[in-house]
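Below, each chain spelled out in residue letters.
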Amino acid sequence: MLMDMRPDPFVPPAPLPRTVPPSRLEIIRTILRNPLELWGEPSYTLPWIRTSFFGQRTLIVNDPGLIKHVLVDNANNYCMSEIRQLVLRPILRDGLLTAEGAVWKRSRKAVAPVFTPRHAKGFAGQMLRQSEDYARKYAVVGEAGAIFDISTDMTELTFAILADTLFSGEIVTSSGHFADDVNELLHRMGRVDPMDLLRAPSWVPRVTRIGGQKVLDKFRAIVRNTMDLRLAKMKADRSAAPNDFLTLLLEQAGPDGLTKEEIEDNILTFIGAGHETTARALAWTLYCVSNSPHIRAAMEEEIDRVLASGAEPVEWPDLMPQTHAAFEEALRLYPPAPSINRAAISDDSWTSPKGERVEIEAGVTVLIMPWTLHRHELHWDRPRAYMPERFLPENRAAIGRFQFLPFGAGPRVCIGATFALQEAVIALAVLMHRYRFDSTDQTNPWPVQKLTTQPQNGLPMRVTRRTVSKPA
Ligand code: HEM
């Protein structure tokens, strides 16, 4: 028998499943502090669980067949859950993430051309340029390297990529810290408040969001100025205006297209949804890789070889399976969107292949949680361990479509998934080709669910310059 000589995989930090159910007060406290700490043993071991949150009947679903039923096969019977909308709609109104029905359909159709795989490939050059520009930030590090907060850095990098690719760098802001401002907005506004749990109407003030309206007003003004500037350019000479997402959106204005407000909502939505998610996953990847020396060595070899070959960045995702897999495994362990919430519109039912029938009554909230699904005992071998080899092409077929859901599924699947995966491989390749990212005594990240799954108190890591050896 062959002995497995690989070192033990790294098991990164995460809350352990609860063994005792929390009290009502503890549920509120945990939801405010960190919803990832709420889930008990059954959520990581059972295919579905019926429960009740503050009187709201809830079905937690971890069965791939049942997930497919809700998100795809009978998707028309499910709307966005009330609590999700109470949190997100005040910020994003009728943007694609929060719109429903006819408005959602019109918006999705309007923006889809920018996110087709073919079009997303066209962004590879800009993704490379922005990653290279950003990597220069680390050029100051000496022999011993220096500590940087990688969580903040990845947010700045993905924001720069988003602003360049979708807006041609023409977001009108006087602040040099626009990415920080976006984060402040999302974190002030984008969290569950006790009033949401009690289903208070939206006019009841939310204490956790005090100050948020001011930041939101500032943002809306930036978005309007950005729109006005581009409209003026388009009016003066349409052919001189960039052919980007912003122009495409503005061209949808009209009685059969989008209203001015919907265009504004979508700009805000894409700024919000389009960079922080990828940034979180990039930071978690660098952290997990820094604790997995054999994986890092394989990635460095792969990256150095592909870059030395002169391959175009658009080809990198296909040529770098190790890097791609390292990112996907981080998406598994730290899904940036840790829960996908729906509510049943009318009574529904589903029968498992074993003949078990699940009734889903109208009004029931359905919680599909990539967080528990991706760490579920029924679906994964060593679920808590960082093992990118699961996602290598030769093993990938063993992972079911509905057991790995970082981007959701069905009609509301993430429109930016191809964009994000390509961006991640290019950014990782540029950064890891030049630098090494190491954990230090200060690197003790704890995952918390804010709007995304992020390291509490940031992710300080030591960055040192690499000496790249020429491939043989
Ligand atoms: C690693 C990065 C990303 C992750 C993990 C992620 C995750 C998700 C998930 C899970 C959903 C579905 C939510 C639901 O069904 O309730 C979603 C939707 C969405 N995502 Fe992403 N996303 C990422 C990157 C992006 C990027 C780069 C963009 C845009 C440039 C984007 C824009 C959107 C939009 C607009 C929606 C709403 C789609 C709709 O409802 O029609 N996302 N994302």
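Please read all numbers here as calculations on a predicted model, not as lab measurements.

Asks: Which parts of the structure should I look at to understand the overall build of the chain?
Replies: Across its full length, the chain carries 20 helices and 12 strands. Against the 2.2 N^0.38 benchmark of 23 Å for 472 residues, the chain shows a C-alpha radius of gyration of 22 Å, consistent with a compact globule. Along the three orthogonal principal directions, the C-alpha set of the chain runs to about 75 × 65 × 40 Å. As presented, the chain carries roughly 20900 Å² of accessible surface, and 56% of it is formed by carbon and sulfur atoms. Distance between charge centroids for the chain: 3 Å, based on 55 positive and 55 negative side chains.

Asks: What am I meant to see in the coordination of the iron atom of the ligand here?
Replies: In an ideal octahedron of six donors the angles at the metal are 90 or 180 degrees, and in an ideal tetrahedron of four donors they are 109.5 degrees. Donation to the iron atom of the ligand from the protein comes from one atom only, Cys414 (SG), at 2.3 Å. Mapped onto the fold, Cys414 is located in the loop between α19 (393-396) and α20 (417-434).

Asks: Sorry if this is basic, but what is going on with the packing of helix α14 (residues 276-290) against helix α17 (residues 321-333) here?
Replies: Working note: a packed helix pair is described by the angle between its axes plus the distance between those axes. Two numbers describe how α14 lies on α17: the axes approach to 8 Å, and their chain directions differ by 110 degrees. Classed by the angle they form, the pair α14 and α17 counts as roughly perpendicular. Between α14, through Thr278, Ala281, Leu282, Trp284, Thr285 and Val289, and α17, the contact on the second element is made entirely by Ala326, Phe327, Ala330 and Leu331. Partitioned by chemical class, the residues of the contact of α14 with α17 number eight nonpolar, two polar and no charged.

Asks: Can you help me understand the side chain of His374 in this one?
Replies: Summarising the element assignment, His374 is placed in the loop between α18 (370-373) and α19. Once residues lying within four places of it in the same chain are set aside, the contact partners of His374 are Leu331, Arg332, Pro335, Trp380, Pro383, Gln403, Phe404, Leu405 and Pro406.

Asks: For this particular structure, what's the right way to read the pattern of salt bridges?
Replies: Opposite charge on two side chains permits pairing when their charged atoms draw close. Counted by the stated rule, this structure contains 29 salt bridges. Between Asp73 and Lys68 there is a salt bridge whose closest N-O contact spans 3.2 Å. A residue is classified by how much of its surface remains accessible, and Asp73, at 49% relative accessible area, is partly exposed. Among the ionic pairs, Asp133 bridges to Arg136, the shortest N-O distance being 2.7 Å. Within the structure, one salt-bridge network assembled from shared partners comprises Arg93, Arg220, Arg224, Glu264 and Asp265.

Asks: Honestly, helix α7 (residues 124-135) in this entry has me stumped. Any pointers?
Replies: What sets the pattern is the α-helix's 3.6 residues per turn: residues three or four places apart point alike. The end-to-end C-alpha distance of α7, which contains 12 residues, comes to 16 Å, matching closely the 16 Å that a straight helix rising 1.5 Å per residue would cover. Taken residue by residue, α7 has Ala124, Gln126, Met127, Leu128, Gln130, Ser131, Tyr134 and Ala135 as its buried positions. Buried residues along α7 sit against α6 (117-121), α8 (150-167), α16 (316-319), α20 and β9 (435-438).

Asks: Looking at this structure, how should I read the packing of aromatic side chains?
Replies: Enumeration over the complete set of coordinates arrives at 18 aromatic pairs. Their ring planes at 85 degrees and their centres at 5.9 Å tell us that Trp48 and Trp350 sit as a pair that is edge-to-face. A residue pair is termed long-range when its members are at least 10 positions apart, and Trp48 in strand β1 (residues 48-53) and Trp350 in strand β6 (residues 348-351) qualify at 302 residues. For the ring pair Trp284 and Tyr334, a centre distance of 3.8 Å and an interplane angle of 10 degrees mean the geometry is stacked. Separated by 50 residues along the polypeptide, Trp284 in helix α14 and Tyr334 in the loop between α17 and β5 (340-344) bring together distant segments of the chain. Per residue, the accessibility class of Trp284 equals that of Tyr334, and both read buried.

Asks: In this structure, what is going on with the environment of Tyr78? I would like to understand it.
Replies: Structurally, the position occupied by Tyr78 is in strand β3 (residues 78-80). With a relative accessible area of 8%, Tyr78 lands in the buried category. Each C-alpha atom of the pair Tyr78 and Asn341 lies 9.5 Å from the other, and the pair is 263 residues apart in sequence. Discounting residues that sit within four places of it in the chain, Tyr78 has contacts with His69, Val70, Arg342, Ala343, Ala344, Ile345, Asp348, Ile360 and Val366.

Asks: Quick question: what am I supposed to make of the packing of α7 against α20 here?
Replies: Running from N to C, α7 and α20 point in directions that differ by 35 degrees, and their axes come no closer than 9 Å. As for how α7 packs across α20, the hand of that crossing is right-handed. Where α7 abuts α20, its residues Ala124, Met127, Leu128, Ser131, Glu132 and Ala135 lie against Phe419, Gln422, Glu423, Ile426, Ala427, Val430, Leu431 and Arg434. Split by residue class, the contact of α7 with α20 holds nine nonpolar, two polar and three charged.

Asks: Looking at this structure, how should I read the environment of Ser290?
Replies: One can find Ser290 in helix α14. Sequence separation between Ser290 and Arg412 is 122 residues; the distance between their C-alpha atoms is 34 Å. Excluding anything up to four places from it in sequence, Ser290 contacts Arg296, Phe437, Asp438, Ser439 and Met461.

So, how was this worked out
Residues numbered from 1 in each chain as written. Predicted model: local features only at pLDDT ≥ 70, side-chain atom pairs only at ≥ 80, totals over all residues. Heavy atoms only, no water. Helix = DSSP H or I, 4+ residues; strand = E, 2+ residues; numbered from the N terminus. Rg over C-alpha atoms; globule rule 2.2 N^0.38 Å. Areas by Shrake-Rupley, 256 points an atom, 1.4 Å probe, with all protein chains shown as cover. Lys, Arg positive; Asp, Glu negative; His and termini not counted. Charge placed at Lys NZ, Arg CZ, Asp CG, Glu CD. Donors = N, O, S within 2.8 Å, 3.2 Å for Na, K, Ca; no water. Axes fitted to C-alpha atoms, helices over the stretch in contact; angles between N-to-C directions. Parallel < 35°, antiparallel > 145°, perpendicular 65-115°, else oblique. Contact = heavy atoms within 4.5 Å. Nonpolar A, V, L, I, M, F, W, Y, C, P; charged D, E, K, R; others polar. Salt bridge = Lys/Arg side-chain N within 4 Å of Asp/Glu carboxyl O. Buried < 20%, exposed > 50% of the residue type's maximum accessible area, 1.4 Å probe, protein only. Expected span 1.5 Å × (residues − 1). Phe/Tyr/Trp six-rings, centres within 6.5 Å; stacked < 30°, edge-to-face > 60°. Left-handed = near helix turned anticlockwise from the far one by under 90°.

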